[in-house]
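Given next are the chains, with one letter for each unit.
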Amino acid sequence: MTQPEPLLDGLSDLHRARLLGLADDREFPADRRLFDEGGAADRFWLLRSGEVALDLHVPGRRPPVVETVGAGQLLGWSWLFPPYRWHLGARALGPVSAWEFPAGRVRALCEADPEFGLRLTVHCAAVIAERLQAARLRLVDLYAPDGGGPP
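Described in the following lines is the structure provided in the data block. What you see is a predicted model, and the numbers here were worked out from it, not measured in a lab.

Let us look at the nonpolar core. General note: in soluble globular proteins, nonpolar side chains tend to be found buried as a group. Ranked by size, the top nonpolar core spans 35 residues in total, and within it Leu19, Trp45, Leu75, Trp79 and Val106 carry the most contacts. For this core, the secondary structure elements donating two or more residues are strand 2 (33-35), strand 3 (43-49), strand 4 (52-55), strand 6 (74-75), strand 7 (89-92), strand 8 (96-102), helix 2 (103-112) and helix 3 (114-143). For tryptophan 79, the residues in contact, after removing those within four places along its chain, are Ala41, Arg43, Phe44, Tyr84, Ala103, Val106, Arg107, Leu120 and Cys124.

See the structure below:
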């Protein structure tokens, strides 16, 4: 399975500068929860180092990890689509360094610059598609009669 092109690599120099102009440097310690499923998706991150586990709330159980996101990858896409609520939760597996972006300001930039908005939306769609495919493969491994994945 191929990873989507890193977000910053897919932007023009002007768009990259505008986006990074909105970023705040953030550091998260190991085991820190970045967000919980159902919470307000008002920001997103580009990870510079470390890994974050995406997990799913299951009543009465520790949240199972659905995906792990690492350096160079986008963390969070729910901020782009109403109702702006997280579909999963996220927890730092170790120390994490990231750029944090305010969702409302980035959405305003997307509206003001349709080319930028299209590139960002297409990137997020690629991330969503890759993560859905990864989740599907994990489910096949878990529930296939002989434990086999795809043919």
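Looking now at the pattern of salt bridges. Counted according to the given criterion, the structure contains 11 salt bridges. The closest approach of N and O atoms between arginine 91 and aspartate 31, which form a salt bridge, is 3.0 Å. Linking arginine 91 in strand 7 with aspartate 31 in the loop between strand 1 (24-28) and strand 2, this pair joins segments that are 60 residues apart in sequence. The class of arginine 91 is buried, set by a relative accessible area of 15%. Residue classification places aspartate 31 among the exposed residues on the basis of a relative accessible area of 53%. For arginine 43, the salt bridge is made with aspartate 42, and the minimal N-O distance between the two is 3.0 Å. Each of Arg26, Asp42, Arg43 and Glu100 takes part in salt bridges that share partners, so that together they form one network.

Moving on: the side chain of arginine 91. Side-chain polar atoms of arginine 91 contact the side chain of aspartate 31, separated by 3.0 Å. Excluding its chain neighbours within four sequence positions, the residues that come into contact with arginine 91 are Asp31, Arg32, Arg33, Leu34, Glu51, Val52, Ala53, Asp55 and Arg62.

Bringing the packing of aromatic side chains into the picture now. Counted according to the given criterion, the structure contains 7 aromatic pairs. Ring geometry for phenylalanine 35 versus tryptophan 86: centroids 3.8 Å apart, planes at 15 degrees, classification stacked. Taken together, the residues phenylalanine 35 in strand 2 and tryptophan 86 in the loop between strand 6 and strand 7 connect sequence positions 51 residues apart. On the basis of relative accessible area, phenylalanine 35 is assigned to the buried category, the value being 8%. Take tryptophan 86: its relative accessible area is 5%, and that puts it in the buried class. Seen from their ring centres, phenylalanine 44 and tryptophan 79 are 4.2 Å apart, and the 10 degrees between their planes marks the pair as stacked. Remark: tryptophan 79 occurs in the loop between strand 6 and strand 7 and phenylalanine 44 occurs in strand 3; sequence separation between them is 35 residues. In terms of burial, phenylalanine 44 and tryptophan 79 fall into one category: buried. By way of ring pairs, the aromatic residues Phe28, Phe35, Trp45 and Trp86 are connected into one cluster.

Quick notes on the rules
- Residues numbered from 1 in each chain as written.
- Predicted model: local features only at pLDDT ≥ 70, side-chain atom pairs only at ≥ 80, totals over all residues.
- Heavy atoms only, no water.
- Core = buried A, V, L, I, M, F, W, Y, C linked by side-chain atoms within 4.5 Å.
- Buried < 20%, exposed > 50% of the residue type's maximum accessible area, 1.4 Å probe, protein only.
- Helix = DSSP H or I, 4+ residues; strand = E, 2+ residues; numbered from the N terminus.
- Contact = heavy atoms within 4.5 Å.
- Salt bridge = Lys/Arg side-chain N within 4 Å of Asp/Glu carboxyl O.
- Polar contact = N/O pair within 3.5 Å; in protein donor to acceptor, adjacent residues only side chain to side chain.
- Phe/Tyr/Trp six-rings, centres within 6.5 Å; stacked < 30°, edge-to-face > 60°.

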